[in-house]
Amino acid sequence: MSGPRVVVIGAGMSGILAAIKLGEAGIRDVVVYEKADRLGGTWRENTYPGLTCDVPSHFYSYSFALNPEWSHRFPPGAEIEAYFEEVARRYGVDRLIRYGAEVDRCAFEGGRWRLATRDGRADEADIVIAATGVLHHPSHPDIAGLDGFTGACFHSARWDHAVPLDGRRVGVVGTGSTAIQIVTALVDRVATLRLFQRTAQWIAPAANPPYSEEEKEGFRHDPAAMLAIREETTRAFEDGFANVLVDADHPMLHAIQAGCEAYLDTVRDPVLREKLRPNYRAACKRLIMSDGFYEAIQRPNAILVTEGIERVEPAGVRTRDGALHELDVLVLATGFRVDQFVRPMRVVGRDGVPLDDVWRDGPFAYMALTVPELPNFFMLNGPNGPVGNFSLIDVAELQMHYVMQLVEAVRSSGRREASPTRAAMARFDADRRQAAKTTIWNTGCKSWYLDATGLPTAWPWTFRRFRDEMAQPRLDDFDLR
Ligand SMILES: Cc1cc2nc3c(=O)[nH]c(=O)nc-3n(C[C@H](O)[C@H](O)[C@H](O)COP(=O)(O)OP(=O)(O)OC[C@H]3O[C@@H](n4cnc5c(N)ncnc54)[C@H](O)[C@@H]3O)c2cc1C
């Protein structure tokens, strides 16, 4: 294939990365479609108070664009968005982006991908890189009466900054990382803060010190210092976390549990402490990192509500015990529909079969990237990829390295198309399902890591294995044409 035309869908962290790597490989015929009017994905959409990265900044950076200016160990969301904008500018990616263009349909017809956008544009491509995000489609809870609430109500990923918060009565539904960050950031600004908790969460203490001017000056003159932090963090996260999650008996998991329990022990009121104590193992759900949540929830104006929500009424939230919790603002920190991936875009493969049909029982992808009969169609951070408390930038970079090698292998063999064989897909999926059974995610909690049958969907092997797999595609697993 000479001079392939590549369409990248999405201009978040993964799409920007894809455009940079394609350019570095000398592939010039590249366009990026982005449905919004700005790049940044997650970091454009999430602007809630308290948003920070929960992996250290020098780890949550592109390996080729380390950033001496990070203000904190876990920097705020706005700073991360600005970082992606700056990198996109520096590498000329912004020139390739077509904004306001939501790809609606993507079908493999006559040996090429034919794309259509919602606003009527049409395009063709030899290669499609779907960088459409995982935590992207807000999940709205099915609570009776929500529409009748007379105060302000919005999802955490659609924060309404016109709504005043100071001195108001605020409620937060949900207890994931987002809710914990919001509570910690808001408690001292509002009159009362009610956290509606269905499931208690294990929380690991994570101090968030700023980088001093001196440290930043050091990073500017000696990038090796940032690299050293990055490498140390990578090692610590992989050996101390990512690699142990896939072995529910690993001693390190008990150490993580002990760390979370010790932090929970800092809660002084024994009744509150027990309400906050999860009844499952630490890291079964995504572990929450926090610099101050237990302190925040112990403030006199913070109220942890553990009674189930009966319904929302015009004045507030009615819980099952009959109590009415009057509120001015209700924040739905209820997460995302993580089974959507490239959808609602309609993708149709070589055989004319819609991806929706192929994924009827849930999304899957060979190496978290690609699906049989979808030639040259690659999903960055696709289904079954590594998730957990580490950098998804690392995942996307490894995947892009793999994609570029595959593209080169196809090109140098005089072929045009690569898609995984059905046999390779079936073997990968069977091995994945088997391995998922012994992971910490399968030890008896409900989480967004599980599919409809209750099986963890994430990469169930070590991160080391992911690195090894991504180092070189197994060409025997591909149908090359
Ligand atoms: C609150 C929050 C905190 C997070 N914290 C961390 C963290 O600490 N560490 C970490 O590693 N990860 C974190 N994540 C995960 C984060 O989503 C990823 O790190 C990363 O930003 C994902 O980038 P992406 O480009 O793959 O997807 P996204 O950032 O979701 O970007 C996808 C882009 O594609 C566009 N798009 C989607 N569909 C279409 C279409 N059909 N046509 C055109 N454009 C389309 C979207 O508008 C969007 O701009 C967090 C996520 C959230 C929501």
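S.K.: Lay out the overall build of the protein chain in plain terms, naming residues and giving numbers.
M.R.: When helices and strands are tallied, the protein chain shows 13 helices and 21 strands. For 481 residues, the compact-globule estimate of 2.2 N^0.38 gives 23 Å, and the C-alpha radius of gyration of the protein chain, at 23 Å, lies within 12% of that figure. Reported as C-alpha extents along the three principal axes, the dimensions of the protein chain are approximately 70 × 50 × 45 Å. Relative to its 481 residues, the protein chain shows a buried fraction of 57%. Look at the contacts in the protein chain between residues 6 or more apart in sequence, and 71% of them connect residues 24 or more apart. If you sum the accessible surface of the protein chain, you get close to 19,800 Å²; carbon and sulfur atoms cover 50% of it.

S.K.: An account of the sheet that holds strand β16 (residues 324-326) is needed here, citing residue identities and associated values.
M.R.: Taken in spatial order, the three strands of this open sheet run β14-β15-β16, and their pairing is antiparallel. Since the sheet does not close on itself, it has two edges, and those belong to β14 (309-313) and β16, each with one partner. When strand polarity is set aside, the average angle formed by the axes of neighbouring strands in this sheet is 25 degrees. As defined by bridge partners, strand β15 (residues 316-319) adjoins β16 across three bridges and the pair is classed as antiparallel.

S.K.: Can you tell me about the site of the ligand, naming the residues and giving the values?
M.R.: The ligand sits among 33 residues. The nearest are S14, E34, T42, D54 and Y60. R44 is positioned such that a nitrogen or oxygen atom in its side chain is 3.0 Å from an oxygen atom of the ligand. Taking V103, its main chain carries an N or O atom lying 2.9 Å from a nitrogen atom of the ligand. For the ligand, the protein covers 95% of the area, taking 980 Å² as the surface of the free molecule. Top contributing element to the shell around the ligand by residue count: helix α2 (residues 42-45), with three residues. Looking at the shell around the ligand residue by residue, the classes come out as 17 nonpolar, 11 polar and five charged.

S.K.: Quick one: what's the story with the side chain of E469, residue by residue and with numbers?
M.R.: Along the chain, E469 turns up in helix α13 (residues 463-471). On the basis of relative accessibility, which here comes to 9%, the residue E469 falls in the buried class. Those residues in contact with E469, other than ones at most four positions away along the chain, are M367, Y402, W459 and R474.

S.K.: Summarise the state of the cysteines; cite the residues concerned and give the values.
M.R.: If you walk through the whole model with that rule in mind, you get one disulfide. Here C53 is not disulfide-linked; the sulfur of C260 is the nearest cysteine sulfur, at 19 Å.

S.K.: Tell me about the sheet that holds strand β6 (residues 122-125), and name the residues and values.
M.R.: In space, the four strands of this open sheet follow the order β6-β5-β4-β18, with mixed pairing throughout. Of all strands in the sheet, those bounded by a partner on one side alone are β6 and β18 (346-348). Direction aside, the axes of adjacent strands within the sheet are offset by 15 degrees on average. Alignment of strand β5 (residues 112-117) against β6, held across four bridges, turns out to be antiparallel. Residue A116 lies in a different strand from β6, and its bridge partner there is A122.

S.K.: Quick rundown of the packing of aromatic side chains? Include the residues and the values.
M.R.: Inspection of the entire model under this criterion finds 25 aromatic pairs. Taken together, a centroid distance of 5.3 Å and an interplanar angle of 45 degrees make the contact between F59 and F237 tilted. Taken together, the residues F59 in the loop between α2 and α3 (77-90) and F237 in helix α6 (residues 223-245) connect sequence positions 178 residues apart. In this structure, F59 and F237 share a single accessibility class: buried. Seen from their ring centres, W70 and Y83 are 5.0 Å apart, and the 45 degrees between their planes marks the pair as tilted. In this pair, W70 is assigned in the loop between α2 and α3 and Y83 in helix α3, connecting sequence segments 13 residues apart. Judged by relative accessible area, which is 0%, W70 ranks as buried. We note R465 situated over the ring of W461; from NZ or CZ to the ring centre the distance is 4.0 Å.

Cut-offs used in this document
Residue numbers here run from 1 along each chain, matching the order of that chain's written sequence. Totals for whole chains, interfaces and linings use all residues, but because this is a predicted model, local features are given only for residues with pLDDT of at least 70 and pairs of side-chain atoms are given and counted only at 80 or more. Think of the side-chain values as coming from all heavy atoms in the structure, minus any hydrogens and water. In this description a helix means any DSSP run of H or I spanning at least four residues, a strand means any run of E spanning at least two, and both kinds are numbered starting from the N terminus. Both definitions apply: the radius of gyration is a C-alpha atom measure, and the globule rule equals 2.2 Å times residues to the power 0.38. Here the term buried applies to any residue with accessible area under 20% of the maximum for its type, exposed to any over 50%, and partly exposed to those in between, with areas from a 1.4 Å probe on protein chains only. Contact between two residues is taken to exist if any of their heavy atoms lie within 4.5 Å; hydrogens are not considered. Surface accessibility in these figures is a Shrake-Rupley result with a 1.4 Å probe; residues are shielded only by whichever protein chains are displayed. Two strands are counted as paired when DSSP detects at least two bridges linking them. Under this scheme, a helix contributes an axis fitted over its contacting stretch, all axes are lines through C-alpha atoms, and angles between N-to-C directions fall in the 0 to 180 degree range. The nearness test applies per residue and asks whether one of its heavy atoms lies within 4 Å of the molecule or strand. We call two N or O atoms a polar contact when they sit within 3.5 Å, provided that within protein one can donate a hydrogen and the other can accept it, with sequence-adjacent residues counted only if both atoms are side-chain atoms. Throughout this entry, Asp, Glu, Lys and Arg are counted as charged residues, while Ala, Val, Leu, Ile, Met, Phe, Trp, Tyr, Cys and Pro are counted as nonpolar. The remaining residues, Gly among them, count as polar. Throughout, disulfides are identified as pairs of cysteine sulfur atoms within 2.5 Å of each other. Working definition: a ring pair exists when centres of Phe, Tyr or Trp rings (six-membered ring for Trp) sit within 6.5 Å. Plane angles under 30 degrees give stacked, over 60 give edge-to-face, the rest tilted. Each ring is checked for a lysine NZ or an arginine CZ that lies within 6 Å of its centre and within 35 degrees of its normal; such an atom marks a charge sitting over the ring.

By themselves these figures say nothing about function.
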